[in-house]
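Spelled out, the chains give:
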Amino acid sequence: MKKLFISTLLLLGLSANVFAQKHAPLPPHPSKSELVTIKMQELTKKYNVEKKLILNHPLATKQMKRDQMKALNQRYATEKRLLKQAK
């Protein structure tokens, strides 16, 4: 009985040690303002990429580009406003 108890404790101790090594502690979560800043940077980067794609499109006419830029600017302004409200 004593050997069973000792071996059980040893097994539990080793498995807990292995489990602790596998799962490192999670990094601290960013604050809300940091998240908003990161999202704003991602949004700006995405906007610039889409703007470049629209303006450099070889087949689009000036009117098509103007309409697409107007829609892009409107969407960007809406998303930016939502992010500012979240701050």
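### Quick look at the packing of helix α2 (residues 32-55) against helix α3 (residues 62-86)
- Two elements in contact, α2 and α3, have axes whose closest approach is 10 Å; the angle formed by their N-to-C orientations is 180°. Taken together, α2 and α3 sit at an angle that is classed as roughly antiparallel. Counting all contacts with α2, which are made through K32, V36, K39, M40, L43, T44, Y47, E50, K51, I54 and L55, the residues of α3 involved are K65, Q68, M69, L72, N73, R75, Y76, E79, K80, L83, K84 and A86.
- Partitioning the contact of α2 with α3 into residue classes produces eleven nonpolar, three polar and nine charged.

### Observations concerning empty space enclosed by the protein
- Within this structure, the stated rule accounts for one cavity of 30 Å³ or more.
- Lining the largest cavity are L43, K46, Y47, E50, L72, R75, Y76 and E79.
- Here the lining of the largest cavity is composed, by residue class, of four nonpolar, no polar and four charged.

### A look at the packing of aromatic side chains
- Evaluated as defined, the whole model comprises one aromatic pair.
- An angle of 25° between the planes, with centres 4.4 Å apart, marks the rings of Y47 and Y76 as stacked. On the criterion of sequence distance, the pair formed by Y47 in helix α2 and Y76 in helix α3 is long-range, its members being 29 residues apart. Here Y47 matches Y76 in class, with each residue buried.

### Here's the deal with the environment of N73
- Inspection of the secondary structure puts N73 in helix α3.
- Between the alpha carbons of N73 and Y47 there is a distance of 8.4 Å; along the sequence they are 26 residues apart.
- Separated by 2.5 Å, the side chains of N73 and Y47 make a polar contact.

### Remarks on the nonpolar core
- Of all hydrophobic cores here, the largest spans eight residues; its members are M40, L43, Y47, I54, M69, L72, Y76 and L83.
- Those elements giving two or more residues to this core turn out to be α2 and α3.
- Those residues in contact with Y47 that sit more than four places away from it in its chain are M69, L72, N73 and Y76.

### Here we look at the side chain of K65
- Inspection of the secondary structure assignment puts K65 in helix α3.
- Buried and without a salt bridge, K65 has D67 as its closest oppositely charged side chain, separated by 13 Å.
- With near-sequence residues (within four places) excluded, K65 lies in contact with I54, L55, H57 and A60.

What counts, and where the lines are drawn
- Per chain, residue numbering runs from 1 following the sequence as it is written.
- The model is predicted, so local features are restricted to residues of pLDDT at least 70 and side-chain atom pairs to those at 80 or more, both for listing and for counting; the totals for chains, interfaces and linings are taken over all residues.
- Calculation of side-chain values draws on the structure's entire complement of heavy atoms; hydrogens and water are dropped beforehand.
- Helix axes use the C-alpha atoms of the stretch in contact, all axes being lines fitted to C-alpha atoms, and the angles between their N-to-C directions lie in the range 0 to 180 degrees.
- Secondary structure is summarised from DSSP: a helix means a run of H or I of at least four residues, a strand means a run of E of at least two, and numbering begins at the N terminus for each.
- The cut-offs work like this: below 35 degrees is roughly parallel, past 145 is roughly antiparallel, 65 to 115 is roughly perpendicular, and the gaps in between are oblique.
- Whether two residues are in contact is decided by their heavy atoms: any pair within 4.5 Å suffices.
- Just so you know the grouping, Ala, Val, Leu, Ile, Met, Phe, Trp, Tyr, Cys and Pro go in nonpolar, Asp, Glu, Lys and Arg go in charged, and all remaining residues, Gly too, go in polar.
- Definitions used for this entry: grid spacing 1 Å over protein atoms alone; cavity, a set of points where a 1.4 Å probe fits but cannot get out; pocket, an open set with protein on both sides within 12 Å along at least 5 of 7 lines; lining residue, one with an atom within 4 Å of a point.
- Grid points are joined across faces, edges and corners, and a volume is the space filled by probe spheres set on the points.
- The pairing test for Phe, Tyr and Trp rings, Trp by its six-membered ring, is centres within 6.5 Å, and the orientation test on the planes gives stacked under 30 degrees, edge-to-face over 60, and tilted for anything in between.
- Exposure categories follow from relative accessible area, calculated using a 1.4 Å probe and restricted to protein chains: below 20% of the type maximum is buried, above 50% is exposed, and the middle band is partly exposed.
- We define a polar contact as two N or O atoms separated by no more than 3.5 Å, with the added condition that, inside protein, one atom must be a possible hydrogen donor and the other a possible acceptor, whereas residues neighbouring each other in sequence contribute only through side-chain atom pairs.
- Here, nonpolar core means buried Ala, Val, Leu, Ile, Met, Phe, Trp, Tyr and Cys residues that are tied together by side-chain atoms lying within 4.5 Å of each other.
- Positive residues here are Lys and Arg, negative ones are Asp and Glu, while His and the chain termini are left out of the count.
- Only one rule defines a salt bridge in this text: a Lys or Arg side-chain nitrogen within 4 Å of an Asp or Glu carboxyl oxygen.

On their own, these measurements won't tell you what the molecule is for.
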